[in-house]
Amino acid sequence: MGEAPTLFVRRASGLVRTVGPWTALATAMSWTIGGGVNWLLVKVSYDNPGASVPLAFLIVGIAAVIASVAYTYLLMTMPRTGGDYVYISRAINPLLGFVLTWGYWIATAIAVGTIAFWDVWYWGLSLQIAGAALKSQSIVELGNLLATSPEWMLILGTVFTIGMGLVSLLGIRAYSRLIWALFAIPVLGSAIFFGAMLAGMGGAKALWDATFGAGTWDQILSIARAHGWDPAVYGTFSWESTAGALLSPMFAFVGSWAMVTYIGGEIREVSRTAIWGGVLAVVVIALYMVGAAFLLYGAYGEFVSAYTFAFMEAKDELAAIMPYAGRPMLPLFAAGLLPGQPILQLIVALMAALWLLNDIPAFYLVSTRLPFAWSFDRFFPEKFAEVNRYGSPTYSILLATAIGEISVIWWYLAEKIGYSGAVGFINTMDGLSTFLWWFPSVFGGAAAAILPFIRRDLYEKSPLRHEVAGVPLMSVFGVLTMLFNFWLYLSLIGSGAAIFDMLWVSLFYAAGAFIFIGYLVYNQRRGVDIRTLFMEIPPT
């Protein structure tokens, strides 16, 4: 018989540690700030009459900050690429670690194309706002085209998907530069948004009418009332509706606490970068999202739900009184408070489109590093562990690019021929993504809770250890993460998820289990010491 293979595919990962604190912070923010805050923070007021949207975002924001502390401890203990897969497989069970991150990977890889396709829709809104600000009907019409043409969404979505994939082949240093290049303008736009909301407190109606035309505010309220919007219902606080509204901030925040852990083997100055990309990043994100919610609803009040209701129920009537039937997103409401300031309106108009575009590089990092981590452990085709001269996992990137492009084409077909049958399943997948992204964090919390006790060897090597009365704070925050994230996960199930949706989630996990067991049998037959492999953390 031949000599038994080494534990891992090779003795060194081949990844390059170049990610510093600022890039870790920017990457976590880029992963998180996108459609969840710019669109769902507004639309949730229509879906859940009587909900306190700011309170819903605050609840989930607190849970996200707690989880970020647990995950920062985990990253300090095991600074390796793979995130939840590494933590759960080493601290709890390798099958569980693979299965949960298999679902996470499916959702993320498909989301690359989803984001690329629908970001064109966001660019349409941005150009509508910009055209109105600059008094250019041609720019407004271009915005209308991008917001309504599946063909242009296909073309530009393909450009975004393949373009980002090609850049990712050049290494994480080049990718970091791309993230920073896309980061500056939306940050500036966000600053203008916050300034506009503060300026609009108590005077939003006058500013809106000055921007879009005298009497527009009241006309929008009239349209909404005529089609069933009731201020007594939408303006009266309801705990039940607020609980129902938790889905939107969960989608907005999901994975923010874990983003940097998926590139853990590529960060330098681990003791500093882990904090910047973990706790600090999530605190900034929570302040951003919760602050945006309180300021938007503080400035506009029930008008947010009225405008959204009019857009959803009477779009043609709304278009007749507005320069354009602007989608109810944060840039629209910010622009409405900046009359006579076209440059500021232009910058804030770019905010949502660029924040969402910046999601793609971050999503690529996760959707490429998970296949790399599995294959490095010999539980996925070993080809996906190969890296090029830039330190990028070439075949994992090509796989993610292919799945992303399939997603773009799938969305195009659904827009063209209708959301039914197999074509419409892409919309089902989009709805399932929050389930697949959220659930692993429950077990990530469990890993943080027990690791100081069952893997004392790893815990004592961590540069970040705190104990109170002999109890590791890592365990405390791990238990709290389990508690809050499982409670919120149950709220997802209670929000009306269909039994067939849960069946799909189960089938995804079952497929992952079969893959893992298949490789388990294969690796045992060729002499890989499985028990020892999962007692070790992968080499740097």
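**Side note on the overall build of the protein chain**
Counting its secondary structure elements, the protein chain contains 26 helices and two strands. Along the first, second and third principal axes, the C-alpha atoms of the protein chain reach 85 × 55 × 45 Å. When the 540 residues of the protein chain are sorted by exposure, 60% land in the buried category. Within the protein chain, residue pairs in contact and separated by at least 24 positions form 83% of the contacts whose partners lie at least 6 positions apart.

**Regarding the side chain of S126**
Turning to its location among the elements, S126 is positioned in helix α5 (residues 94-133). A distance of 2.4 Å separates a polar side-chain atom of S126 from the backbone oxygen of A349. Residue contacts for S126: discarding those within four places in its chain leaves A349, L350 and A353.

**Description of the packing of aromatic side chains**
As enumerated under the stated definition, the model contains 59 aromatic pairs in all. Look at W217 and Y300: their rings are 5.9 Å apart centre to centre, the planes differ by 10°, and that puts the pair in the stacked class. Taken together, the residues W217 in helix α10 (residues 216-226) and Y300 in helix α14 (residues 270-300) connect sequence positions 83 residues apart. Centroid distance Y519 to Y522: 6.3 Å. Interplanar angle 85°. Geometry classified as edge-to-face. On the criterion of helical spacing, the pair formed by Y519 and Y522 is a turn pair, its members being three residues apart in helix α25 (residues 499-525). Accessibility expressed as a relative area gives 21% for Y519, which makes it partly exposed.

**Re helix α24 (residues 473-493)**
Turn by turn, an α-helix covers 3.6 residues, leaving residues three or four places apart pointing in a common direction. In this model, α24 (21 residues) spans 30 Å end to end at C-alpha, consistent with the 30 Å of a helix rising 1.5 Å per residue. Where α24 is concerned, the buried positions are M474, S475, G478, T481, N485, L488, Y489 and L492. Across the axial projection of α24, the buried residues extend over an arc of 165°, all falling on one side. On its buried face, α24 is in contact with α3 (53-77), α13 (247-253), α21 (421-438), α22 (440-454), α23 (456-459) and β2 (471-472).

The rules behind the values
- Residues numbered from 1 in each chain as written.
- Predicted model: local features only at pLDDT ≥ 70, side-chain atom pairs only at ≥ 80, totals over all residues.
- Heavy atoms only, no water.
- Helix = DSSP H or I, 4+ residues; strand = E, 2+ residues; numbered from the N terminus.
- Buried < 20%, exposed > 50% of the residue type's maximum accessible area, 1.4 Å probe, protein only.
- Contact = heavy atoms within 4.5 Å.
- Polar contact = N/O pair within 3.5 Å; in protein donor to acceptor, adjacent residues only side chain to side chain.
- Phe/Tyr/Trp six-rings, centres within 6.5 Å; stacked < 30°, edge-to-face > 60°.
- Expected span 1.5 Å × (residues − 1).
- Arc of directions from axis to C-beta.

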